[in-house]
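Given next are the chains, with one letter for each unit.
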Amino acid sequence: MAVHYDALDINRNIALDLPYREGIGTRTEDIARRDPLFTLVNTPPWTTLDSHLNVLSFDGATEYVWASGADTALLDFTSAPYSICGWIFLTSGGTHDSQDLLSRFVLSTNGWELYSYTNGIITMRHHHAAGATLRTGFYSTGWAFNTWYFLALSRTGTSG
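What counts and what doesn't
- Residues numbered from 1 in each chain as written.
- Predicted model: local features only at pLDDT ≥ 70, side-chain atom pairs only at ≥ 80, totals over all residues.
- Heavy atoms only, no water.
- Helix = DSSP H or I, 4+ residues; strand = E, 2+ residues; numbered from the N terminus.
- Rg over C-alpha atoms; globule rule 2.2 N^0.38 Å.
- Buried < 20%, exposed > 50% of the residue type's maximum accessible area, 1.4 Å probe, protein only.
- Contact = heavy atoms within 4.5 Å.
- Areas by Shrake-Rupley, 256 points an atom, 1.4 Å probe, with all protein chains shown as cover.
- Lys, Arg positive; Asp, Glu negative; His and termini not counted.
- Charge placed at Lys NZ, Arg CZ, Asp CG, Glu CD.
- Patch = residues over 30% accessible without salt bridge, like charges linked within 9 Å, V, L, I, M, F, W, Y side chains within 5 Å.
- Salt bridge = Lys/Arg side-chain N within 4 Å of Asp/Glu carboxyl O.
- Pairing = 2+ DSSP bridges.
- Axes fitted to C-alpha atoms, helices over the stretch in contact; angles between N-to-C directions.
- Phe/Tyr/Trp six-rings, centres within 6.5 Å; stacked < 30°, edge-to-face > 60°.

A. Looking closely at the overall build of the chain. Helix and strand counts for the chain come out as 0 helices and 11 strands. Counted from the first residue to the last, the chain has its helices and strands arranged as β-β-β-β-β-β-β-β-β-β-β. Taken over C-alpha atoms, the radius of gyration comes to 16 Å for the chain, in line with the 15 Å a tight globule of 160 residues would show. Each of the 160 residues in the chain was classed as buried or not, and the buried ones make up 29%. Sequence-distant contacts, at least 24 apart, represent 38% of the contacts inside the chain between residues at least 6 apart. Working note: accessible area of the chain is about 10100 Å², and carbon and sulfur atoms make up 55% of it. The chain carries 9 positive and 15 negative side-chain charges, and their two centres are separated by 7 Å.

B. Region of the structure containing a nonpolar patch on the surface. A contiguous nonpolar patch, built from Trp-87, Phe-89, Trp-148 and Phe-150 and spanning about 480 Å² of accessible area, is present on the exposed surface. If you trace the backbone, Trp-148 turns up in strand β11 (residues 147-155). Taking the relative accessible area as the measure of exposure, Trp-148 reaches 39% and is therefore partly exposed.

C. Quick peek at the environment of Thr-62. Its location among the elements puts Thr-62 in the loop between β4 (54-56) and β5 (64-66). Between the C-alpha atom of Thr-62 and that of Ser-51, which follows or precedes it by 11 residues, the distance is 28 Å. Apart from the residues within four sequence positions on either side, Thr-62 is in contact with Val-41 and Asn-42.

D. Quick look at the pattern of salt bridges. Applying the stated criterion across every chain, the model contains 2 salt bridges. A salt bridge links Arg-12 to Asp-9, with the nearest nitrogen and oxygen atoms 2.6 Å apart. Residue classification places Asp-9 among the exposed positions, given a relative accessible area of 61%.

E. Inspection of the sheet that holds strand β10 (residues 135-140) at higher detail. As summarised here, the arrangement of the 4 strands in space is β7-β8-β9-β10, forming an open sheet in which the pairing is antiparallel. Every other strand in the sheet has two partners, leaving β7 (98-104) and β10 as the edge strands with one partner each. Neighbour-to-neighbour, the strand axes of the sheet open up by a mean angle of 20°, direction not taken into account. Taken together, the 5 bridges between strand β8 (residues 112-117) and strand β9 (residues 122-127) define a ladder with antiparallel strand orientation. Paired with Glu-113 across the two strands is Arg-125, which belongs to β9.

F. Examining the sheet that holds strand β1 (residues 27-29) more closely. The strand order across the open sheet formed by 3 strands is β1-β2-β5, and the pairing between neighbours is antiparallel. The sheet is open, and its two borders are formed by β1 and β5, each paired with just one other strand. On average, each strand axis in the sheet is inclined to that of its neighbour by 35°, with strand direction left out of account. Summarising the sheet, β1 and strand β2 (residues 37-41) pair through 3 bridges and their orientation is antiparallel. Within the sheet, the bridge partner assigned to Thr-28 lies in β2 and is Phe-38.

G. Structural context of the packing of aromatic side chains. Within the structure shown, the criterion is met by 5 aromatic pairs. Between the aromatic rings of Tyr-20 and Trp-46, the centroid separation amounts to 5.9 Å while the plane-to-plane angle is 80°, which identifies the pairing as edge-to-face. Taken as a pair, Tyr-20 in the segment before β1 and Trp-46 in strand β3 (residues 46-48) lie far apart in primary sequence, 26 residues in all. Each member of the pair Tyr-20 and Trp-46 is classed as buried.

Here's what the structure looks like:
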């Protein structure tokens, strides 16, 4: 008998889970939800690690994973507590001061962005539709490049 994803306590309330199991092609599946397929824009290359895990290498500028606003409604958490975690490999160089790691681009209303900067700072910004502050955020310093990290961040209230 198959166990449904949300039936496992460890998976309860997960809004997005992209394990990149495909290893080929231009689509990847969110296994936390029933339908959403995410499109790989500008064909970021798939790589299989020695551990047999598939990863995508993004250029930080033109390559990204895309889904519609309707498919990402559960990621509208700019005013609610949340946690984000996943493996990342930070690279330096290039022509950009920052690399977008993960975002829900709904600027000036309810979007958010997670960036890595060339000076070793990772920052999380939130956009708000109204109020005294239209953007809030938090950051962490001292990140080294060309290294794998298991990045975990969370926010409760206004503290990240």
